[in-house]
Each structure stands twice: as C-alpha cells, then as structure tokens.
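Coordinate analysis (summary)
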2 protein chains.
Amino acid sequence: MKTRVSEILGIAAPVVQGGMAWIADGRLAGSVSAAGGLGVIAAGAAPLSWIEDQVRRARTLAPQAPIGLNIMMMRPDVEAVADLAVDLHIDAVTTGAGSPAAFIERWKAAGIKVVPVVAQAAAAARMQRLGADAVIAEGCEAGGHIGEMTTMALVPQVCDAVDIPVIAAGGIVDARTAAAACMLGAEGVQAGTRFLTVDECGVAEAYKRKVLEAKDSDTIVTGRLSGHPVRGLKNAWARSVRAQERRAVDPAELEGIYAGSLRRAVEGDVAGGSCMAGQAAGSVRERKTAAHVVRALSSGVAAGVAARGRMGVDAAGDEEGVHA
Amino acid sequence: MKTRVSEILGIAAPVVQGGMAWIADGRLAGSVSAAGGLGVIAAGAAPLSWIEDQVRRARTLAPQAPIGLNIMMMRPDVEAVADLAVDLHIDAVTTGAGSPAAFIERWKAAGIKVVPVVAQAAAAARMQRLGADAVIAEGCEAGGHIGEMTTMALVPQVCDAVDIPVIAAGGIVDARTAAAACMLGAEGVQAGTRFLTVDECGVAEAYKRKVLEAKDSDTIVTGRLSGHPVRGLKNAWARSVRAQERRAVDPAELEGIYAGSLRRAVEGDVAGGSCMAGQAAGSVRERKTAAHVVRALSSGVAAGVAARGRMGVDAAGDEEGVHA
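Quick caveat: nothing in here was measured; it's all calculated off a predicted structure.

**As for the overall build of chain A**
The helix and strand inventory of chain A stands at 15 helices and 11 strands. If you line up chain A on its principal axes, its C-alpha atoms span 50 × 45 × 40 Å. By residue count, 62% of the 324 residues in chain A fall in the buried class. Pairs at least 24 apart in sequence give 62% of the contacts found in chain A among residues at least 6 apart. Carbon and sulfur atoms provide 53% of the accessible area of chain A, an area that totals close to 11,500 Å². Considering chain A, the positive charge centre built from 33 side chains and the negative charge centre built from 35 side chains are found 6 Å apart.

Here is the structure:
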C-alpha cells in the first residue's frame, strides 16, 4: 500500500503508532516498525538514557525499518532531546505539546522527517511553511492530550489548508475508521488506543482489560477548565479530578493531582491513575499482535484512498475553490 | 441512490435535513424534500398553528414527497405536538432532547416513521427495541445541542449495536464527509450547518455570512458546566456566557442568558445571539441551493456505501464478533 505518507517515511504501510508517553517503548515501536508501520518511541519525560536504550531495543526488533521518536515540546530539556534524535539517527520525529519551529531546520539537515501533530488547520499551514514533511491531524476523540476539533471536521479542513500529506488520528481503530479518514483526504493514519492492547504493549494487564471492556461512552475529559484537556477512561481518579476542577482549586494544586497519574495507571493502578484512552476504545474487543493491527489499518487506508480517488477531488468537496 | 434509509423513508436521496429550531421552516424543508431528500420542519417551541402552516407550505413546494417533523421531547406540550404529527399525516418524525418512548407506538400505528437522534450506542439499542425505524447517530462536532462522542467514534459503535439503518450526523457537510460516514457503516446522512447558507434558508444574511466566513476553530461550546452543551460560532454572546458559567452563577440565571438567544441570531443579531453551527462550518464557503446540497451529499453517500461494500463487513471491523 503506497501513499505519499509511506513514501516520505520509507515504510511499507502508511500506519503510524501514536507516541504515548510511558507506554510507547522500544518493544512496541520495534514491533510496529517490523510489521511495516512507523513505530514511535515516546520520549515523554523519560531520561535521555532510557530513550537511547529504547531506540536500541526497537532497532534489534526491526533492524532495517525506520523508527520514530515523539517529543513533547514543553519538556524543559527539549533541546537535549532534539539533539539526541540527531545523534541516534532517528528516521522521523513526531511532535506534540508546543511548536517544533526551533528544531525543524536542524532535524531536516540531519535527514530526519518532521511530522508535527496539529489540532487546527492554521497550525497545519504554519508547520508546512516551516518545512514539515507531513502533519498528523488529531481529533479530540483521541486519548491523552486533546484539542477541540473532531477528526471528521478537522481532517478535511487540514487537507484543504496544506499540500503536504495528512495523517489522520483520533478515533482510528480498525479498517473502517482508517478508510473513513482517507475518504476525508488523509493518506495515512495514526492509532494509539488500538495499540494499547496488543501483545507487544507493556501496559499493565488491568489497563488492557479496562480498554477491552470499555463501551463507547466510557471516556471522560479532565482538565478542560485548566486549559489542558486530557481524555481517559472513567474511573475514581477522573471523577475526583472533575470534582476538584469544579471547585476551582488553584492551578498548583491541580498540577499535583495530575503528577504521576498516567504512570500509576500504566503500572496497574487503574482506579487511582489516569487511564488515557480514546472514544474508540469501545471498538477494541480482542487482543491482537501489533502486526495484525498494522495490517488491518493498512487495508483500511488502501480502501479509503482508492475510494477517494474514484470520487474525484472536486466532487468530494463539491465547492469551487475548495482546493485553492 | 438507494439504501435502507431511502427505502424506509420513501425518498430518492438518503439525505436528511437537520431539524434546527427557529430555522427549519416549511420553505427549507419543502425545498429539501422537493430535491429528493427528507426535509424536516423543526417544531422547536413554536405554536401548533405555526407548525401546521409550515407543513402546508412544505407540501406546496413538494406535493409528492415525504415531509419530516422534528420534536424536542422536553417541550412541555409535547403530547399535543405528538398528536399533531398524526393529524397532519407527517411521514417521519425525528426526535431530540429526551426519549420518544411514550409516543413510538402511536406514531407507528399512524404509519409515521420514527427516527430518534442518539449520541450513544446504548441509546440506539434502546430505540431499536422500542421500534424505531432508524436512528440518527449525531457526533459532537454538530451545531446546537450536542453529546460527548464524535461522529468518527460514535457511528461505527452505533452500527455495531443495532440492525436498523444508521444515519450519520455531525460534521457532514459535503460529499467527502458523507462518504466517510458511510465508510463507517451509515446508510444515510443528516446535515444541519450546510443547509444554513442555502438560498431557501430564512436565517438573517448576517448569520449566513458568519457561517461562510468561519474557519475550523471558530466554534465554541457553551453550557458544558450546566450539563446542556451547545455548539455555536464564537461571538460576544458566547464569550460572555462562558465567563458567567465559570463564575458558577445559579441555574435560573443561566436560563435567562440562553432564553431567546438562538432566535436573536436567526433574526440578525449575530453578536448578541447564539449562532448555532457545527465545526464543519469552516468547509462551507459558497451559497448554494438546497438541491445542490442534497445532490452533493447523496453522491458522497453513494461513494461511501459502494466503497464499504467492496471492503466487506468483516474486514472493516477486523475483529471476530464485531458484528455479533
């Protein structure tokens, strides 16, 4: 399955694995890359030595395949992580939580593909101007830190705003959702939640079970009032956070509630931690391998891209000038 | 373009026009029905005599075609409106803001098709058990009163939960979005925002201009804290409402802020009223006729349904038992 996304990233299947902090390690990323997708290690807030170890681990599993690194731009030592990506000859960097503007030139000079996550069309256009190779347009049905726009509304508007290829994220969990995203104009997909329950994912068994048992309405957004919305599965922790937000406790106190919450869930405390997951968790009912998920999503991309091609770009938008 | 939706509703194009209170009148509904879709008059909070007039007006424009009526179930005199639907030989009733359980039998006995709007899979399953003919699965990118789930996450999970046909709503604005929704399993679409700017829609010119000029990030949700979230275009009114919500004024006071706000916008006060619209407003750039929009959405449904058929139901979900 070839699209501009697979060509630019040098991968066989235009499927990117989400850079989930505390979760996306060398084993998961290596398994995804070995299956033909782009496996992504999440730098998160982890020490540089951990990142280095995980990149080595991924390369052992997928010696010939590209490996990605996700970098949160608000990390205090982001400069050092940016340089580490160069030193380790990372193939692609995905970025979140802030603008990668300061680093794009450096990465491109080192041959690294730059793929920022965006939640608005204007941000996508800005990233294209700065030299990004592609953008990940992520809707608010995704798990973890989210924006305001949904995948269905965001992806076509991002596609209209840029010429570089668009990778859709948020709600992408199987072939049908991947196909729908490509009907909207995407040429590849990123999935997070779906990879939580694969055999090669290291989150605690209790976390995996919570995802497998979730129904559609089992996610909740915390942090809206503080301006940093995060989607996860409903549990005691989330209910308590929402109650505290409503009482408008001061920001420093809220910081304390969030600190370490994701890590606790990843290690098995699914009542007292933050079980980040997207609204599509309700569609995840069985454990599979990373390779199965890459194949399923890739077949959806193929179906969607082909169908979009048959429809024709002008007919799709139905407006003169929609692709100005 | 035939799907189960068009067959059940007796229409040529599986396209339903959203029942927008204060907006969806006999002229708009009649124009949509004359073009082959299902035009829907919004009863909203309007007097019974107004509803009767609008139904007559719609039938003048589309003498042979079915006409729908949207009923808000929390309306105090809902009983009288339910009976009026029977007396007027309405062809299809769409319902929102509460459960139509008490009326489904009465409507079905009168030959009226019943199509509730749902925002969760469990509600869709309940409506099927009660005898609904189809459901409209509406994502939170829609304008007006919204739920929590997005179209991309909701539609496939509703399709898995019911056997009756699913009509997708929320973010459906052109052929590509209609096609994507049908890739997810829908067999028809409902659009609201897109019909706001058609020639036959009676909202004030200033409201239409605001929709045409909106970009993707120009909508905002008010009422989340009061438990009745509503999406509309950002303006002075919405900003003031959000500020008051944060100060946690008492519910009665908030009621006063909302009262009459939509009507003010419809009549032209786009700064001091509630300009309800969805996130896909950014994709609406030109004025068209209702017939143009019905054709565009219908061609998208055709492309999506055909592509979904080629992909195959099992491959689409990629899970054993996904269509249990």
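**Considering the sheet that holds strand β1 (residues 15-17) of chain A**
Two pairing modes exist for strands in a sheet, parallel and antiparallel, and in both the strands are linked by backbone hydrogen bonds. Residue and element names in this part refer to chain A. The strand order across the open sheet formed by eight strands is β1-β9-β8-β6-β5-β4-β3-β2, and the pairing between neighbours is parallel. In this open sheet, the two strands that pair with only one neighbour each are β1 and β2 (39-42). Between one strand axis and the next, the sheet turns by 25° as a mean value, whatever way the strands run. Where helix α4 (residues 78-87) meets the sheet, its contacts fall on β3 (67-72) and β4 (92-96), and the angle it forms with β3 comes to roughly 170°. Sitting on the sheet, helix α6 (residues 121-130) is in contact with β5 (113-118) and β6 (135-138), with an inclination near 165° to β5.

**Some thoughts on the sheet that holds strand β11 (residues 230-233) of chain B**
Residues and elements named next belong to chain B. An order of β7-β11-β10 is seen for the three strands of this open sheet, with the pairing classed as antiparallel. Strand pairing shows two members of the sheet lacking a second neighbour, β7 (144-145) and β10 (219-222), which therefore form its edges. Across the sheet, helix α11 (residues 236-246) touches β10 and β11, and the angle it forms with β10 is around 35°.

**Notes on the packing of helix α2 (residues 26-34) of chain A against helix α3 (residues 48-61) of chain A**
Residues and elements named next belong to chain A. The N-to-C vectors of α2 and α3 enclose an angle of 30°; their axes lie 8 Å apart at closest approach. Here α2 and α3 pass one another in a crossing that is right-handed. Residues Gly26, Arg27, Gly30, Ser31 and Ala34 of α2 lie in contact with α3, whose contacting residues are Gln54, Arg57, Ala58 and Leu61.

**Here we look at the side chain of Ser217 of chain A**
Note that Ser217 of chain A resides in the loop between α10 (205-213) and β10 (219-222). Once residues within four sequence positions are removed from consideration, Ser217 of chain A is found in contact with Lys234 of chain A together with Gln120 and Met149 of chain B.

**Side note on the relation of the copies chain A and chain B**
Think of it as a corkscrew move, a rotation about one axis and a shift along it, taking one chain copy to the other. Screw-axis analysis of chain A against chain B gives a translation of 0.0 Å along the axis, an RMSD of 0.0 Å, and a rotation angle of 180°. Both copies of the chain, as the preceding transformation shows, are related through a two-fold rotation axis. Relative to the rotation axis, the C-alpha of Ala180 of chain A is the closest in chain A, positioned 2.1 Å from it. The fraction of interface residues of chain A whose copies in chain B are also interface residues reaches 100%, indicating that both copies meet through the same surface.

**Regarding the interface of chain A and chain B**
With 60 residues of chain A in contact, the opposing surface of chain B contributes 60 residues. Of the roughly 4,700 Å² buried between chain A and chain B, counting both surfaces, carbon and sulfur atoms make up 50%. One can count four salt bridges joining chain A with chain B. Across the salt bridge formed by Arg285 of chain A and Asp160 of chain B, the nearest N and O atoms sit 3.4 Å from each other. Seen at the junction of chain A and chain B, the total is 14 residue pairs in polar contact (both at pLDDT 80 or more).

Here is what the cut-offs are and how they apply
- Residues numbered from 1 in each chain as written.
- Chains lettered and ligands numbered in written order.
- Predicted model: local features only at pLDDT ≥ 70, side-chain atom pairs only at ≥ 80, totals over all residues.
- Heavy atoms only, no water.
- Helix = DSSP H or I, 4+ residues; strand = E, 2+ residues; numbered from the N terminus.
- Buried < 20%, exposed > 50% of the residue type's maximum accessible area, 1.4 Å probe, protein only.
- Contact = heavy atoms within 4.5 Å.
- Areas by Shrake-Rupley, 256 points an atom, 1.4 Å probe, with all protein chains shown as cover.
- Lys, Arg positive; Asp, Glu negative; His and termini not counted.
- Charge placed at Lys NZ, Arg CZ, Asp CG, Glu CD.
- Pairing = 2+ DSSP bridges.
- Axes fitted to C-alpha atoms, helices over the stretch in contact; angles between N-to-C directions.
- Left-handed = near helix turned anticlockwise from the far one by under 90°.
- Least-squares fit on C-alpha atoms with pLDDT ≥ 70 in both.
- Buried area = accessible area lost by both parts, 1.4 Å probe.
- Salt bridge = Lys/Arg side-chain N within 4 Å of Asp/Glu carboxyl O.
- Polar contact = N/O pair within 3.5 Å; in protein donor to acceptor, adjacent residues only side chain to side chain.

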